[in-house]
Amino acid sequence: MLKKPQALLARAFATAANAIMIADRHGHMVWVNQAFCRLSGYAESELMGKSPDLLRSGQHDTAFYRELWSTILSGRPWQGELIERRKDGAFYTVNQIITPLQDSHGNITHFIAIQHDISAQRCEQERIARLAYHDSLTGLPNRQCFLELLDKAIAAAALQGNMLAVMFLDLDKFKQVNDTLGHAIGDQLLISVAERLHGAVRKSDVVARLGGDEFTVLISELQHTDHANAVAQQLVDTIGQPFAFGPHKVQTHASIGISLYPRDGVETQALLDQADAAMYHAKRQGGSAYAYWSAGMLVAPPANPSTGAA
Ligand SMILES: Nc1nc2c(ncn2[C@@H]2O[C@H](COP(=O)(O)OP(=O)(O)OP(=O)(O)O)[C@@H](O)[C@H]2O)c(=O)[nH]1
C-alpha cells in the first residue's frame, strides 16, 4: 500500500515539467530529473556527485551566492532568479526555489532545488526594453533614453563639479535626399550618420537619435569649452564628408547647437531646448557649422500637454 504512492511520487518528480535537483548536505548533486538534464544540457551521469557550480554563469557576484548559501544553511528556503550556463555555453534564466530538507533533529541532510525556466520571458522583456529605449533604425538611444542619461549625467556632474556639453545636431536639407534618392537611401544616410557620430566621440559620451534627422551628443566630464569646440568641429567635418551608397554619392551637412551645464542651465529639458535653439541659429547662418546657445536665442515654448498643440 505504501509502495504505490512512493512509486507515483518518484514518477511525478522524474517527469515533472519543472527542473528538479537534489543535492546532499555538502552541495553535491545526488538526483536530477529529466527536465533538469534537458535544461542544463548535461546527462544525469555528468551531474551526479558534482557541485551545481558546474552550471555557474559568472553573471552573479560572490555576495549573491553568499546570501543564497547563508539562507539555506540556516534552514530557510531561498527563492530568486538565477542565470545558469548550459553545457553548450549558452545562458538560461530560472526562477528557483531551494528548500533545505532536515532530519528529525533539525540537521540539514539535503537541498531540493526546483527551477522554472523563464529565459523566454527575460528575452522578451529585454527586447521590449530595447525597443522602448532605442531607435530601431540606427540602434542609438532614443529621446527618452537620452533624457534619462542626461539627467544622470547632470546629477554626477553636480557631485563632481564637472561641466557637460549638450549638442543638438540636425542634418541640412535632408528632405532633399529622401525626395531625390528615395526613403531607403535616406534611411541608409541616417544609419551612416549615426555610425560616424558614434565613431567621433569618446566611449563615455552619448550619441542619440531624437527622431527624423535630429541627433544629440552628450559630452561628459568636460574640462574646457575648447574640447566641446573640437568635438563639434569634428562632427561638422565628419558629416560633411560625402557618403557612398552603391552608385549614389550623397553629400550632406550638419548644423549643431550647443548648451553647457552649468553655465546655461541645470535642467535637462532646458539644456536640450537651448541646444535646439542654438542649432537653429547655426542653420540660419548657412548651416554646416556649430553655435553655442546665448540668452538672445529664442527657445521654443513647450508643447501644451492638454491639447498637444505647440
Ligand atoms: N528616410 C527617412 N526620412 C525620415 C525619417 N524620419 C523623418 N524623415 C524625414 O526627414 C525629413 C526631416 O525634415 P527637415 O529636417 O524639415 O528637412 P531638411 O530638409 O533637413 O530641412 P532643414 O533642416 O531645414 O535643412 C522629413 O522629410 C521627414 O519625412 C526616417 O526615419 N527615414
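Predicted model only: the values in this text are computed from it and were never measured.

Undergrad: Describe the sheet that holds strand S1 (residues 19-24), with residues and values.
TA: On the basis of which strands lie adjacent, the open sheet formed by five strands has the order S2-S1-S5-S4-S3 and antiparallel pairing. With partners counted over all chains shown, the strands left at the sheet margins are strand S2 (29-32) and strand S3 (78-85), one partner each. Looking at each pair of strands side by side, their axes are set apart by 30° on average, direction ignored. In this structure, S1 lies alongside S2, joined through three bridges in antiparallel fashion. Within the sheet, the bridge partner assigned to Ala23 lies in S2 and is Met29. Most of the contacts of helix H4 (residues 62-73) go to S3, to which it runs at about 135°, and overall it touches S3, strand S4 (91-102) and strand S5 (108-117).

Undergrad: Can you break down the pairing of S3 residue by residue, with the values?
TA: A regular strand places its side chains on the two faces of the sheet in alternate fashion. With eight bridges connecting them, S3 and S4 associate as antiparallel partners. Paired with Glu84 across the two strands is Tyr92, which belongs to S4. Hairpin connection between S3 and S4: a loop of five residues separates the two successive antiparallel strands, and Gly89 in this loop has a positive phi of roughly 95°.

Undergrad: Let's hear about the sheet that holds strand S8 (residues 214-222): which residues, and what values?
TA: Pairing is mixed across the open sheet formed by five strands, whose spatial order is S7-S8-S6-S11-S12. On the outer flanks of this sheet lie strand S7 (206-211) and strand S12 (289-292), each paired with one strand and no other. Within this sheet the neighbouring strands show an average axis-to-axis angle of 20°, counted without direction. In this structure, strand S6 (residues 163-172) lies alongside strand S11 (residues 253-261), joined through nine bridges in antiparallel fashion. Looking at the pairing, Phe168 lines up with Gly257 of S11. Where helix H6 (residues 143-160) meets the sheet, its contacts fall on S6, S7, S8 and S11, and the angle it forms with S7 comes to roughly 140°.

Undergrad: So what's going on with the site of the ligand? Residues and values would help.
TA: The environment of the ligand is made up of 15 residues, and the closest members are Lys173, Phe174, Lys175, Gly186 and Gly212. Taken together, the residues of the shell around the ligand sort by class into four nonpolar, five polar and six charged.

Undergrad: Describe the packing of helix H7 (residues 174-181) against helix H8 (residues 183-200), and please don't skip the residues or the numbers.
TA: Between H7 and H8, the shortest axis-to-axis distance is 6 Å and the interhelical angle comes to 140°. Accordingly, the angle class assigned to the pair H7 and H8 is oblique. Within the contact between the two elements, H7 uses Phe174, Val177, Asn178 and Leu181 and H8 uses His183, Ile185, Gly186 and Leu189.

Undergrad: Can you tell me about H6, naming the residues and giving the values?
TA: Along its 18 residues, H6 runs 25 Å from first to last C-alpha, staying within 8% of the 26 Å computed at 1.5 Å per residue. Restricting attention to buried positions, one finds in H6 the residues Phe146, Leu150, Ala153 and Ile154. Projection of H6 onto a plane perpendicular to its axis shows the buried side chains occupying an angular sector of 110°, all on one side. Exposed side chains of H6 directed beyond 90 degrees from the buried face belong to Lys152, Ala155 and Leu159. Check the buried side of H6 and you find it contacts S6, S7, S8, S11 and helix H10 (268-284). Downstream of H6 by one or two residues, Gly161 has phi in the positive range, about 70°.

Undergrad: Please give an account of the nonpolar core that cites residues and values.
TA: Ranked by size, the top nonpolar core spans 46 residues in total, and within it Val166, Met167, Val217, Ile256, Ile258 and Ala275 carry the most contacts. Sequence-distant contacts of Val166, defined by excluding residues within four places in its chain, comprise Leu150, Thr216, Leu218, Ile258, Ser259, Leu271, Leu272 and Ala275. Counting residues in each nonpolar core, the second largest holds 17 residues, with Val32, Leu47, Tyr92 and Ile114 among its members.

Undergrad: Give a description of unusual backbone geometry that names residues and reports values.
TA: Each neighbour pair has its own omega, and for Tyr261 with Pro262 the value is 0°, a cis peptide bond. The topology assignment puts Pro262 in the loop between S11 and H10. Of note in this structure, Ser288 is not a glycine but carries a positive phi near 50°. Its place among the elements puts Ser288 in the loop between H10 and S12.

Undergrad: Requested: an account of the environment of Gln176, with residues and values cited.
TA: With respect to the secondary-structure elements, Gln176 resides in helix H7. Taking the C-alpha atoms as reference points, Gln176 and Gly186, separated by 10 residues in sequence, lie 9.1 Å from one another.

Undergrad: I'd love a proper account of the confidence of the model for the chain, names of residues and values included.
TA: Summing up the model confidence of the chain, the mean pLDDT is 92 and the portion of residues at 70 or higher is 95%. Low pLDDT, under 50, characterises residues 304-310; the stretch is placed with five contacts to residues that sit more than four places away or in other chains. For this predicted complex, the interface confidence comes out at an ipTM of 0.96, alongside a pTM of 0.69.

How each quantity is defined
Residues numbered from 1 in each chain as written. Predicted model: local features only at pLDDT ≥ 70, side-chain atom pairs only at ≥ 80, totals over all residues. Pairing = 2+ DSSP bridges. Helix = DSSP H or I, 4+ residues; strand = E, 2+ residues; numbered from the N terminus. Axes fitted to C-alpha atoms, helices over the stretch in contact; angles between N-to-C directions. Contact = placed C-beta atoms within 7 Å. Near = placed C-beta within 6 Å. Nonpolar A, V, L, I, M, F, W, Y, C, P; charged D, E, K, R; others polar. Parallel < 35°, antiparallel > 145°, perpendicular 65-115°, else oblique. Expected span 1.5 Å × (residues − 1). Buried ≥ 20, exposed ≤ 12 C-beta atoms within 10 Å, placed from the backbone. Arc of directions from axis to C-beta. Core = buried A, V, L, I, M, F, W, Y, C linked by C-beta atoms within 7 Å. pLDDT = per-residue confidence, 0-100.

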